[in-house]
Amino acid sequence: MLIVTNGLVQTPDGLKLHPLLEPLRGDLLWRSRSWYAAPAHTPLSFTAWLAGRSPAALLASGLNLPDSVQQCWVASPFHAQLMRDRLQVMPEGIFPWRADDAAALAALLNPLLAEEGMSLHAAGPAMILACDKAIDASPASFAEVSGNLLPNRHPDGVDGGRLMRLVAELQMYLYRNPLLDRRSRGEPDVRGIWLWGRCSRDELSSAPMPVVATRSPSLSLVVDGRNAKLMVTEVEHLGEMLNPHTGLSDDVLVMGEGHALWLRQTPFVAMLARLGRRREAALPVRLPLGPAELLQAVRAHW
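Model, not experiment: these values are computed from the prediction. (Residues numbered from 1 in each chain as written. Predicted model: local features only at pLDDT ≥ 70, side-chain atom pairs only at ≥ 80, totals over all residues. Heavy atoms only, no water.)

S.K.: Describe the overall build of the protein chain, and please don't skip the residues or the numbers.
M.R.: For the protein chain, the count of helices and strands is 10 helices and 13 strands. For the protein chain, the spread of C-alpha atoms along the three principal axes comes to 65 × 45 × 40 Å. Counting over 302 residues, the protein chain shows a buried share of 47%. In the protein chain, the proportion of contacts linking residues at least 24 apart, taken out of those at least 6 apart, comes to 74%. Carbon together with sulfur atoms contributes 53% to the accessible area of the protein chain, which is approximately 14,800 Å² in total. Positive and negative side-chain charges of the protein chain, numbering 29 and 30 respectively, have mean locations separated by a distance of 7 Å. (Helix = DSSP H or I, 4+ residues; strand = E, 2+ residues; numbered from the N terminus. Buried < 20%, exposed > 50% of the residue type's maximum accessible area, 1.4 Å probe, protein only. Contact = heavy atoms within 4.5 Å. Areas by Shrake-Rupley, 256 points an atom, 1.4 Å probe, with all protein chains shown as cover. Lys, Arg positive; Asp, Glu negative; His and termini not counted. Charge placed at Lys NZ, Arg CZ, Asp CG, Glu CD.)

Next up, the structure:
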């Protein structure tokens, strides 16, 4: 089964497949369709959701963290451009990021973060912010931020203002102190770090790696792609996941804009496709099922 976490986009004509899926449109739109309501996901958050864990717990369970740590957050680096009075965040799928970038960023920021009882830890290309004192805040997931405007309001929670001040302070510090190795490679600067997907110390425990194939850098150390039945990717990395000799999976799930569309290849729809009849480009939503039904259906394939 193939899962594309950002494969649907909203247009004036309704939901459509992402433009990067256009070469596959003829195959995908001939399949039978099932609609679900679904939250926004990155490959990391989707895999954690599937495994029944928080994103931070999935990443941090293999780290050797100090005993003083009480809480962990996923720390997602991002590049952004100023659009009038708001920052437009570059989509995660096109933001180049490597394990040595994560190590360099942790080394740069940890002296500053130590004053707050915090520290950054690299898990390959992924990063975890470890806190000696828990922060009570519920910010948007990075899937809601990636490719969109950076939120400029405090998230819910007693410490929502404190969390956003920390995010803003790190933006200012990174503006003054860019990672020079990235510049030498012609890659976009890190403009900030978005904190999300928290977990408490009690949630950190060893567990089998989820068996998922992916090209997402944030999952490179925490999933096992051998003999995987599920492939999870952003649309920007889809070409790296497909086998040109076997084509698409019989089951393809494309997600985005609060929805998930399950596209199934069956003998009947394959016969209709051979007849050459056209199907509409827009994708009218048909009474979507809920996220719980989606999770159950995907786990049945896992």
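S.K.: Lay out the packing of aromatic side chains in plain terms, naming residues and giving numbers.
M.R.: Inspection of every chain in the model, using the stated rule, returns 3 aromatic pairs. Between Phe-95 and Trp-97, the ring centres sit 5.8 Å apart and the planes meet at 20 degrees, which makes this aromatic pair stacked. (Phe/Tyr/Trp six-rings, centres within 6.5 Å; stacked < 30°, edge-to-face > 60°.)

S.K.: Can you break down helix H2 (residues 43-51) residue by residue, with the values?
M.R.: Counting buried positions along H2 gives 7 out of 9 residues, so the element sits mostly inside the fold. Within H2 the residues assigned to the buried category are Pro-43, Leu-44, Ser-45, Phe-46, Thr-47, Ala-48 and Leu-50. Count one or two residues on from H2 and you reach Gly-52, which has phi positive near 70 degrees.

S.K.: How would you sum up the sheet that holds strand E8 (residues 118-123)? Please name residues and give values.
M.R.: Taken in spatial order, the 4 strands of this open sheet run E8-E9-E5-E10, and their pairing is antiparallel. Only two strands of the sheet have a single partner each, and these edge strands are E8 and strand E10 (192-200). Here the average twist between neighbouring strands, direction ignored, is 30 degrees. When E8 meets strand E9 (residues 126-131), the two strands line up antiparallel, connected through 6 bridges. When the bridges of E9 are listed, Ala-122 appears paired with Met-127. Contacts from helix H4 (residues 99-114) reach strand E5 (71-78), E8, E9 and E10, with the element oriented near 170 degrees to E8. Against the sheet, helix H6 (residues 160-176) contacts E5, E8, E9 and E10, and its axis sits at roughly 145 degrees relative to E10. (Pairing = 2+ DSSP bridges. Axes fitted to C-alpha atoms, helices over the stretch in contact; angles between N-to-C directions.)

S.K.: So what's going on with the pairing of strand E6 (residues 80-83)? Which residues, and what values?
M.R.: One ladder, built from 4 bridges, connects E6 with strand E7 (residues 86-89); its direction is antiparallel. When the bridges of E7 are listed, Gln-81 appears paired with Gln-88. The antiparallel hairpin formed by E6 and E7 contains 2 residues in its connecting segment, where Arg-84 sits at a positive phi of about 60 degrees.

S.K.: Describe unusual backbone geometry, with residues and values.
M.R.: Phi at Asn-227 takes a positive value of approximately 60 degrees, unusual for a residue other than glycine. Within the secondary structure, Asn-227 sits in the loop between E10 and strand E11 (231-233). Even without being glycine, Glu-257 reaches a positive phi, approximately 55 degrees.

S.K.: Got a sec to walk through the nonpolar core? Specific residues and values, please.
M.R.: In this structure, Cys-72, Leu-105, Leu-120, Leu-129, Trp-194 and Leu-195 are the most contacted members of the largest nonpolar core, which totals 53 residues. Leu-120 has contacts with Ala-75, Leu-105, Ala-106, Leu-109, Asn-110, Leu-113, Met-127, Ile-128, Leu-129 and Ile-193, leaving out every residue within four places of it along the chain. Within the second largest apolar cluster, 19 residues are counted, among which are Leu-8, Leu-21, Val-252 and Leu-261. (Core = buried A, V, L, I, M, F, W, Y, C linked by side-chain atoms within 4.5 Å.)

S.K.: Outline the environment of Leu-195, supporting the account with residue identities and numerical values.
M.R.: Looking at the secondary structure, you find Leu-195 in strand E10. We classify Leu-195 as buried; its relative accessible area is 3%. Leu-195 has contacts with Trp-73, Val-74, Ala-75, Leu-129, Pro-139, Leu-163, Leu-166 and Val-167, leaving out every residue within four places of it along the chain.

S.K.: Describe the side chain of Thr-233, with residues and values.
M.R.: Position of Thr-233 among the secondary structure elements: in strand E11. Those residues in contact with Thr-233 that lie beyond four places of it in its chain are Leu-2, Ile-3, Val-4, Thr-5, Pro-43, Leu-238 and Met-241.

S.K.: Run through the pattern of salt bridges, naming residues and quoting values.
M.R.: Across all of its chains, the model carries 11 salt bridges by this definition. Across the pair Glu-187 and Arg-182 runs a salt bridge whose closest N-O atoms are separated by 3.4 Å. Owing to a relative accessible area of 1%, Arg-182 belongs among the buried residues under this scheme. Measuring nitrogen to oxygen at the nearest pair gives 2.8 Å for the salt bridge that ties Glu-187 to Arg-185. A single network of salt bridges, built from pairs that share partners, joins Asp-101, Arg-182, Arg-185 and Glu-187. (Salt bridge = Lys/Arg side-chain N within 4 Å of Asp/Glu carboxyl O.)

S.K.: Pulling in residues and values, what's your account of the sheet that holds strand E13 (residues 259-264)?
M.R.: The 5 strands are arranged E4-E13-E12-E1-E11 in an open sheet whose pairing can be described as mixed. Sheet topology places strand E4 (32-37) and E11 at the edges, where each strand pairs with a single neighbour. The average angle at which neighbouring strand axes cross in this sheet is 15 degrees, direction not considered. Pairing of strand E1 (residues 2-4) with strand E12 (residues 251-256), which is carried by 3 bridges, proceeds in the parallel orientation. When the bridges of E12 are listed, Val-4 appears paired with Val-254. Of the strands in this sheet, E1, E11 and E12 touch H2, which is tilted by about 140 degrees from E11.

The values reported here are purely geometric and, on their own, carry no functional implication.
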